[in-house]
Amino acid sequence: MAETTTERETWSSSTGFILAAVGSAVGLGNIWRFPGVAYESGGGAFLIPYLIALLTAGIPILFLDYAIGHRYRAAAPLAYRRMAKPAEALGWFQIALSFVIAVYYAAVIAWSLSYFVFAFDLRWGDDPAGFFVGEYLRTGDPEVSTTIVSAVAIPLVLVWVAVLAIIALGVTKGVQRVNVIFIPLLVVAFAGLVIRAVTLPGAMDGLNALFTPDWGALTDPGVWIAAYSQIFFSLSIAFGIMVTYASYQRRKANMTSSGLVVAFANSSFEILAGIGVFATLGFFAHQQATTVDELEGLTGPILSFVTFPAVISEMPGGTIFGAVFFAALVLAGFTSIISILLGVAASVQEKFGLGQKASAIAVCVVCAIISIALFSTTSGLIALDTVDQWANNVGIVLSAIVMTVLVVWVFRKVPVLRAHLNRVSTFKVGRSWWVLIGVLAPLLLTYMLFERVQTLVTEGYEGYPGWYLNLFGWGTIAFVVVAAAILTAIPWRGRDSEDFHPWPELEEEQR
Ligand code: PFF
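The structure displayed is predicted, hence computed values, not measured ones.

Cut-offs applied
Residues numbered from 1 in each chain as written. Predicted model: local features only at pLDDT ≥ 70, side-chain atom pairs only at ≥ 80, totals over all residues. Heavy atoms only, no water. Helix = DSSP H or I, 4+ residues; strand = E, 2+ residues; numbered from the N terminus. Buried < 20%, exposed > 50% of the residue type's maximum accessible area, 1.4 Å probe, protein only. Contact = heavy atoms within 4.5 Å. Areas by Shrake-Rupley, 256 points an atom, 1.4 Å probe, with all protein chains shown as cover. Near = heavy atom within 4 Å. Polar contact = N/O pair within 3.5 Å; in protein donor to acceptor, adjacent residues only side chain to side chain. Nonpolar A, V, L, I, M, F, W, Y, C, P; charged D, E, K, R; others polar. Core = buried A, V, L, I, M, F, W, Y, C linked by side-chain atoms within 4.5 Å. Axes fitted to C-alpha atoms, helices over the stretch in contact; angles between N-to-C directions. Parallel < 35°, antiparallel > 145°, perpendicular 65-115°, else oblique. Phe/Tyr/Trp six-rings, centres within 6.5 Å; stacked < 30°, edge-to-face > 60°. Lys NZ or Arg CZ within 6 Å of the ring centre and 35° of its normal. Salt bridge = Lys/Arg side-chain N within 4 Å of Asp/Glu carboxyl O. Patch = residues over 30% accessible without salt bridge, like charges linked within 9 Å, V, L, I, M, F, W, Y side chains within 5 Å.

What follows covers the overall build of the protein. Of regular secondary structure, the protein possesses 20 helices and zero strands. Viewed in the frame of its principal axes, the protein has a C-alpha envelope of about 70 × 45 × 45 Å. Counting across all 511 residues of the protein, residues that qualify as buried make up 59%. Residue pairs in contact within the protein that sit at least 24 positions apart in sequence constitute 85% of those at least 6 positions apart. With an accessible surface of roughly 18,800 Å², the protein has 66% of that area assigned to carbon and sulfur atoms.

Attention now goes to the environment of V344. By the element assignment, V344 lies in helix 14 (residues 318-352). Its relative accessible area of 7% is what places V344 among the buried residues. The spacing of V344 and I241 is 103 residues in sequence and 8.2 Å in space, taken between C-alpha atoms. Those residues in contact with V344 that lie beyond four places of it in its chain are I95, S98, F99 and V363.

Moving on to the site of the ligand. Of all residues adjacent to the ligand, which total 15 residues, the nearest are A25, G29, Y105, F233 and I241. Residue S234 places a main-chain N or O atom 3.1 Å away from a nitrogen atom belonging to the ligand. Burial of the ligand by the protein chains amounts to 100% of its free accessible area of 340 Å². Counting only elements with at least two residues in the shell around the ligand, the list comes to helix 1 (14-25), helix 2 (28-40), helix 10 (221-235) and helix 14. Partitioning the shell around the ligand into residue classes produces seven nonpolar, eight polar and no charged.

What follows covers the side chain of S339. Looking at the element boundaries, S339 is found in helix 14. Reaching out from S339, the side chain makes a polar contact with the side chain of S24 at a distance of 2.9 Å. Residues contacting S339, with those up to four places away along its chain left out, are S24, I241 and Y245.

Of all hydrophobic cores here, the largest spans 193 residues; its most connected members are I68, W111, W160, V163, I167, I337 and L341. The element contributing the most residues to this core is helix 5 (residues 88-120), with 22 residues. Every residue in contact with I337, bar those within four places of it in the chain, is listed here: A102, Y105, A106, I109, W160 and V163.

Right, let's talk about the packing of helix 6 (residues 128-136) against helix 13 (residues 300-314) for a bit. At a minimum axis separation of 8 Å, helix 6 and helix 13 run at an interaxial angle of 140°. With respect to each other, helix 6 and helix 13 are oriented oblique. Within the contact between the two elements, helix 6 uses P128, A129 and F132 and helix 13 uses I302, F305, V306, P309 and A310. Split into classes, the residues belonging to the contact of helix 6 with helix 13 amount to eight nonpolar, no polar and no charged.

The next thing to look at is the packing of aromatic side chains. Here the distance between the centres and the angle between the planes together describe a pair of aromatic rings. All chains considered together, the criterion is met by 39 aromatic pairs. Seen from their ring centres, Y105 and F233 are 6.3 Å apart, and the 55° between their planes marks the pair as tilted. Of this pair, Y105 sits in helix 5 while F233 sits in helix 10, placing them 128 residues apart in sequence. Positioned over the ring face of Y248 is R8, at 4.3 Å from the centre of the ring. The ring of F233 has R33 sitting right over it, with the charged end atom 4.8 Å from the ring centre.

In total, this model carries five salt bridges according to the counting rule given. With a shortest N-O distance of 3.6 Å, R33 and D388 are connected by a salt bridge. One end of the pair, R33, is in helix 2; the other, D388, is in helix 16 (residues 380-410), with 355 residues separating them in the sequence. The closest approach of N and O atoms between E88 and K351, which form a salt bridge, is 2.8 Å. Of this pair, E88 sits in helix 5 while K351 sits in helix 14, and the two are 263 residues apart along the sequence. In this structure E88 comes out as buried when scored by relative accessible area, which is 2%. Each of R81, E88 and K351 takes part in a single network of salt bridges with overlapping partners.

In the Ramachandran plot, S236 falls in the positive-phi region, its phi being about 55° despite a non-glycine side chain. When you line up the elements, S236 lands in the loop between helix 10 and helix 11 (241-247). In the Ramachandran plot, A238 falls in the positive-phi region, its phi being about 70° despite a non-glycine side chain. With respect to the helices and strands, the residue A238 is situated in the loop between helix 10 and helix 11.

Moving on, we come to the side chain of S247. When you line up the elements, S247 lands in helix 11. With residues up to four places along the chain from it excluded, the contact list for S247 reads R8, G69, H70, R73, A74 and A75.

Among the surface-exposed residues, V405, W409, V410, W434, V435, V439 and L443 lie close enough to one another that they form a single nonpolar patch of about 580 Å² accessible area. Only helix 16 and helix 18 (432-459) provide two or more residues apiece to the nonpolar patch. It is helix 18 that provides the largest number of residues to the nonpolar patch, a total of four residues. In this structure, W434 sits in helix 18. A relative accessible area of 32% means that W434 is categorised as partly exposed.

Rendered as structure tokens:
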């Protein structure tokens, strides 16, 4: 029998959907990833590949995710299966990759939660680097450690309990409600931080350091890879997560216009975070009578958990600034991780015909155990860095290539998806959409993937031993592929893709 809309929970309004989608997009990626990546990859000149990546791949693939989720009304594996049976495997590939992201992303939220508490008495003292790596994380060598660090494990358990509670409450009562409260809070908190930051002495030098373009960087393929990876991670696209979110959108919903709002809000937040972070670093350099270029530790976890604490200690009113900064990280991270878990739980629920609560519990408990076992140990930081590198530079690029090639060339679904988007939306997608997702994106991404794989194979990563990279780096990709194959092979137990005709009106029009 054809599915009817009443059976699927929906966001209670377009605003609910937009807030949730912005909540997914705006996350740790905007605050701890973007400023450092931009600074390392040409500063002001990075904005060019960044904007090109947003326009040529970010927004077009966001529209593709939305079209698939909204048209086929299911989480990624079933949505792809309804589109074309063999495509289910791609859905599981994306969901397995999301699962990998979730298990380490939770650890960074747990660190932020600890640092929120530490900010009140500036617990890191005079040596924030020694405190973070040594005293707090108790980081050892790249090894497979089984020594659990309780200072990390305890907040990590709290994060997972909170995630489980929200996912078990479902789309409207859980996820939407959290976003409706957290996103406005986050915007206010972050606006306060940025205003404070730009009024600090030396702030302008920090902004000059971020925005002064190094045009030479544009000829470096690594800079372009960084821009595209940042866009994918930041917009949460090609992970199957936006497919799932769109599937809960009402049938009459303006999809492309919402997409533009989400993409614009995410990039604005990202650039605002860059401004806030670099203004603060300008102040720090000013205090040390040096320049921002001379400062160290401007990327990744070190930026937020070592350099920022050092600045907070020097700042008048640093305690409040610090507490708000780490609270903002927690809020931003939490609204993103629940999007991932909703995607994974909904996929499992549909495939195995489970109840919503049962799938939420099963998925969150498995994630929590893996997350604690891998990332709250003394090798957690190194494992996290390695898994992040492979998931975001290899896994997600591969996912986007396979997705665009399958949808456009193998199953030839662009006409039907484009008609779908245009039927429900005011912002119409033209033929250029086909060119972008069918030609430009796959070609560019394939080139970038080869470049990156070659670099990782020949140069390794961060000087970590080869066996370690094989286990945590390439092992991550192997895990995702094997998980996708196994989950696809398991017979479908829930409601199947057969007889799915949710849009008779549209089919009628196309005849
Ligand atoms: N977009 C989030 C961020 O910028 O931190 C991270 C993220 C969320 C990635 C959801 C992937 C995903 F499916």
